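Reading the structure
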Amino acid sequence: MHELTTTRHNHLIDPVLHVWGWEIPVYLFLGGMVAGMMIISGYFLFKGKTKNTDCSCFLAPLISIVLLSLGMFALFLDLEHKLYVWRLYTTFEITSPMSWGAWILLLVYPALIANIIIRFPDKLSDRFPKLKELSNKFAGKYFLIKNIGIINMMLGAMLGMYTGVLLSTLAARPLWNTSILWLLFLTSGLSGAAAFIHMIAKDVEERELLAKADNGFLTIEIFVIALMLIGLLTSTEVHKDAATLLISGSFAPVFWVFVVGLGIIIPLFIQLLAVNHKIKHTPLAPVFVILGGLILRFVIVQAGQVSHYINAHF
Amino acid sequence: MSRFGMAIDTVRCVGCMDCVVACKTENKVPEGFNRDWITEEAFGNFPNIQLEIRTERCNHCEEAPCVDCCPTGASHYHDTGGVVLVNHNECIGCKACVASCPYDARFIHPDGYADKCTFCIHRVEKGEDPACVSVCPTHCMTFGDLDDPNSKISKLVKSRKWHVLKPEAGTKPHIYYLT
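Figured I'd write up the structure that's included with this text. Every chain is numbered independently, its residues counted from 1 as its sequence is written. Working convention: letters from A go to chains and numbers from 1 go to ligands, in the order in which they are written. Confidence filtering applies because this is a predicted model: local features only for residues at pLDDT of at least 70, side-chain atom pairs given and counted only at 80 or more, and all residues used for totals across whole chains, interfaces and linings. Think of the side-chain values as coming from all heavy atoms in the structure, minus any hydrogens and water.

Take the overall build of chain B next. Segments assigned H or I by DSSP are reported as helices when at least four residues long, segments assigned E as strands when at least two residues long, and all are numbered from the N terminus. A count of helical and extended segments in chain B gives six helices and 10 strands. Principal-axis analysis of the C-alpha atoms gives chain B an extent of 50 × 40 × 35 Å. A burial count over chain B gives 61% of its 179 residues as buried. Computed with a 1.4 Å probe, the accessible areas rest on the Shrake-Rupley method; for each residue, only the protein chains presented here act as cover. Roughly 7400 Å² of accessible area belongs to chain B as shown, and the carbon and sulfur atoms make up 52% of that amount. The charge count includes Lys and Arg as positive and Asp and Glu as negative, but it does not include His or the ends of the chains. A charged residue contributes its charge at one atom only: NZ of Lys, CZ of Arg, CG of Asp or CD of Glu. Considering chain B, the positive charge centre built from 19 side chains and the negative charge centre built from 24 side chains are found 4 Å apart. Working definition: with a 1.4 Å probe on protein chains only, accessible area under 20% of the residue-type maximum means buried, over 50% means exposed, and in between means partly exposed.

What follows is the structure, encoded as structure tokens:
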């Protein structure tokens, strides 16, 4: 026998850690999506696609800023000492990914705003002519636009990576303590963003390009998930136990069915048929990809909290 | 420099929970929460069973992950003895420190900040023992400076067999369980 009993019963800690509810997965998902959208629209700016007035690089940053604000609101809701949130900006803690994230988010907003100013959607600039005047200042300044694109790509990559690093540095939770988590969240963010922009894109060529890109991101994501699980399974006992939570444990049904099956393999199959012109493009695949990305964050955050070091001494 | 730690004699500890009550009283720990607690671990097959009773709390680690991950610097090492503390008015309640602790020693106080054992630093700075140590009826707990070779704790750690909790987490805990 090996029995461990404790008199501790702290709220949100026992019997298993559950300090983070829906807010953190939602924030990580929206942050990842915005990161992906910044990279994609930044790439379009860099490639000079701004000559095409239908380019989604004009609408994507506007949506991004709304999604990011919603994500940050979710993050704010999660804070237990809300009135002290300003404390984040009184210091920079180099060992804290959350501190890095707070400052990265502060840089992301101006980058998104700069991208939005390049060209406002027609409905907005028709209603507010001053916005059009503002956009005109960017007209023909392709070097500046390219640089805004580069900055958006860089900050998008930093934002996407940070959402993974945030969890992976919390070594007490073996499932998160994998150095590949940032890559998983970044590729998942990119695939979700490609899927989202694919749905809103007006330009047919662009839609085709994004579907192809999404297939690439989804394929990479499968490999990253496989590598992450192999890495955990070939590590210490606690890491093996953590991997088992996803492979055959209590989170396995949701992980295999909703994250891997419906979130990656099925949409990849549908989109492969679509880009090869066997079937028409359908919003079904992008919706599955986006929901898969959201469920992935929920599974990782919740299963990570369940995973732990062995409490026994003997 | 001083480096405060605690040696807990698991042979003497009977799990009476006096330390738990003393801590709750001294530190006004809210109902439903504990800064320290009793763990009983039984191992083996009858009749060869080993039983260890131990009082547990924050390990005031030398390489505390809760300090590293804190985004505001609220979690910090105190100048006196390297005790790990939380500045309540700097804590935003993000719970990263709670998730980062391999001992699950932290919790969120109903007022919103992260809370945990402070080694009763307010008493220690006056030259007193932490409340839990001062009330222990079996005198199983010894508090002191690990950097002072002549302190009682240093001598105990040098002369007795001991283990720390979850050494594989690499946090260098400052609580030694004498066996």
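Moving on: the overall build of chain A. Scanning chain A for helices and strands turns up 11 helices and one strand. Listing every helix and strand of chain A by position from the N terminus yields β-α-α-α-α-α-α-α-α-α-α-α. The C-alpha radius of gyration computed for chain A amounts to 21 Å, which stays within 12% of the reference 20 Å derived for 314 residues, consistent with globular compactness. Each principal axis of the C-alpha distribution contributes one length, and for chain A these read about 75 × 55 × 30 Å. By the burial criterion, 50% of the 314 residues in chain A qualify as buried. Across chain A, contacts joining residues at least 24 apart in sequence account for 75% of those joining residues at least 6 apart. Carbon and sulfur atoms form 70% of the exposed surface of chain A, whose accessible area is close to 14300 Å². Our radius of gyration is a C-alpha quantity, and the globule rule it is checked against amounts to 2.2 Å times the number of residues to the power 0.38. Contacts between residues were defined by any pair of non-hydrogen atoms, one from each residue, lying within 4.5 Å.

To continue, consider a nonpolar patch on the surface. Residues and elements named next belong to chain A. On the surface, a cluster of nonpolar side chains totalling about 380 Å² of accessible area is made up of W22, F73, F76 and L77. Its location among the elements puts F76 in helix α2 (residues 60–78). On the basis of relative accessible area, F76 is assigned to the partly exposed category, the value being 30%. A residue counts toward a patch only above 30% relative accessible area and without a salt bridge, and it is joined to like-charged neighbours within 9 Å or, for Val, Leu, Ile, Met, Phe, Trp and Tyr, to nonpolar neighbours within 5 Å. Just to be clear on terms, a salt bridge is a Lys or Arg side-chain nitrogen sitting within 4 Å of an Asp or Glu carboxyl oxygen.

All right, on to the interface of chain A and chain B then. Contacts between the two partners involve 40 residues from chain A, matched on the other side by 50 residues from chain B. Run the count over chain A and chain B and you get three salt bridges. Salt-bridge contacts for R173(A) lead to D104(B); the nearest nitrogen and oxygen are separated by 2.7 Å. Polar contact criterion, stated in full: a pair of N or O atoms within 3.5 Å, where within protein one must be able to donate a hydrogen and the other to accept it, and residues adjacent in sequence count only if both atoms are side-chain atoms. Applying the counting criterion to the chain A and chain B interface returns 25 residue pairs in polar contact (both at pLDDT 80 or more). If you list the elements that add at least two residues to the side of chain A that touches chain B, you get β1 (2–6) and α3 (97–118) of chain A. The dominant element in the side of chain A that touches chain B, judged by the number of residues it contributes, is β1(A), at five residues. Grouping the constituent residues of the side of chain A that touches chain B by class yields 18 nonpolar, 14 polar and eight charged. Whether two strands pair depends on DSSP finding at least two bridges between them. Pairing of β1(A) with strand β2 (residues 36–45) of chain B, which is carried by five bridges, proceeds in the antiparallel orientation. Under this grouping Gly is polar, as are all residues other than the nonpolar Ala, Val, Leu, Ile, Met, Phe, Trp, Tyr, Cys and Pro and the charged Asp, Glu, Lys and Arg.

Right, let's talk about the side chain of R54(B) for a bit. Structurally, the position occupied by R54(B) is in strand β3 (residues 48–57). The class of R54(B) is buried, set by a relative accessible area of 0%. Here E52(B) takes part through its side chain, which lies 2.6 Å from a polar atom of the side chain of R54(B). When sequence neighbours within four positions are dropped, the list of residues in contact with R54(B) reads L4(A), N311(A), H313(A), T10(B), C13(B), W37(B), I38(B), T39(B), E41(B), H163(B), L165(B) and Y177(B).

Ordered in space as β1(A)-β2(B)-β3(B), the three strands form an open sheet in which the pairing is antiparallel. Since the sheet does not close on itself, it has two edges, and those belong to β1 of chain A together with β3 of chain B, each with one partner. Across the sheet, the axes of successive neighbouring strands diverge by a mean angle of 15 degrees, strand direction being ignored. Axis lines are fitted to C-alpha atoms, over the contacting stretch for helices. Their N-to-C directions set the angle, which ranges from 0 to 180 degrees.

Attention shifts here to the pairing of strand β10 (residues 175–178) of chain B. Residues and elements named next belong to chain B. Of the two faces of β10, both are covered, the one formed by I175 and Y177 as well as the one formed by Y176 and L178. Across two bridges, the pairing between strand β9 (residues 162–163) and β10 is antiparallel. Among the inter-strand pairings, W162 is bridged to a residue of β10, identified as L178.

A few words now on the packing of aromatic side chains. Residue and element names in this part refer to chain A. Centres within 6.5 Å make a pair out of two Phe, Tyr or Trp rings, where for Trp the six-membered ring is used; the pair is then stacked when the planes are under 30 degrees apart, edge-to-face when over 60, and tilted otherwise. Counting across every chain of the model gives nine aromatic pairs over all chains. Geometrically, the ring pair formed by Y43 and F44 is tilted, given 6.1 Å between the ring centres and 50 degrees between the ring planes. Y43 sits in the partly exposed class, given a relative accessible area of 37%. Residue classification places F44 among the buried positions, given a relative accessible area of 2%.

This part is about helix α10 (residues 252–275) of chain A. Maximal helix bending in α10(A) amounts to about 45 degrees, located at G261(A). Looking one or two residues past α10(A), H277(A) carries a phi angle of roughly 60 degrees, positive in sign. Here the bend at a residue is taken as the angle between two axes, fitted respectively to the seven residues that end there and the seven that start there.

The next subject is helix α1 (residues 18–27) of chain B. All names here are of chain B. The set of residues buried in α1 consists of C19, V20, A22, C23 and N27. Taken around the axis of α1, the buried residues stretch over an arc of 165 degrees, which confines them to a single face. Close packing links the buried residues of α1 with β2, β3, α4 (121–124), α5 (131–135) and β8 (141–145). Following α1 by one or two positions, K28 has its phi on the positive side, about 50 degrees. Think of it as the arc spanned by the lines of direction from the helix axis to the C-beta atoms.

Glancing now at the nonpolar core. Here, the term nonpolar core denotes a set of buried Ala, Val, Leu, Ile, Met, Phe, Trp, Tyr and Cys residues that are joined through side-chain atoms within 4.5 Å. The biggest cluster of nonpolar side chains holds 140 residues, and the ones touching the most others in it are W20(A), L159(A), L167(A), L246(A), I300(A), M6(B) and M141(B). Of the residues forming this core, the biggest block, 15 residues, is contributed by helix α1 (residues 23–46) of chain A. Those residues in contact with L159(A) that lie beyond four places of it in its chain are G31(A), V34(A), A35(A), L68(A), I104(A), L105(A) and V108(A). Grouped together as the second largest cluster of nonpolar side chains are eight residues, L146(B), L156(B), V164(B) and Y176(B) included.

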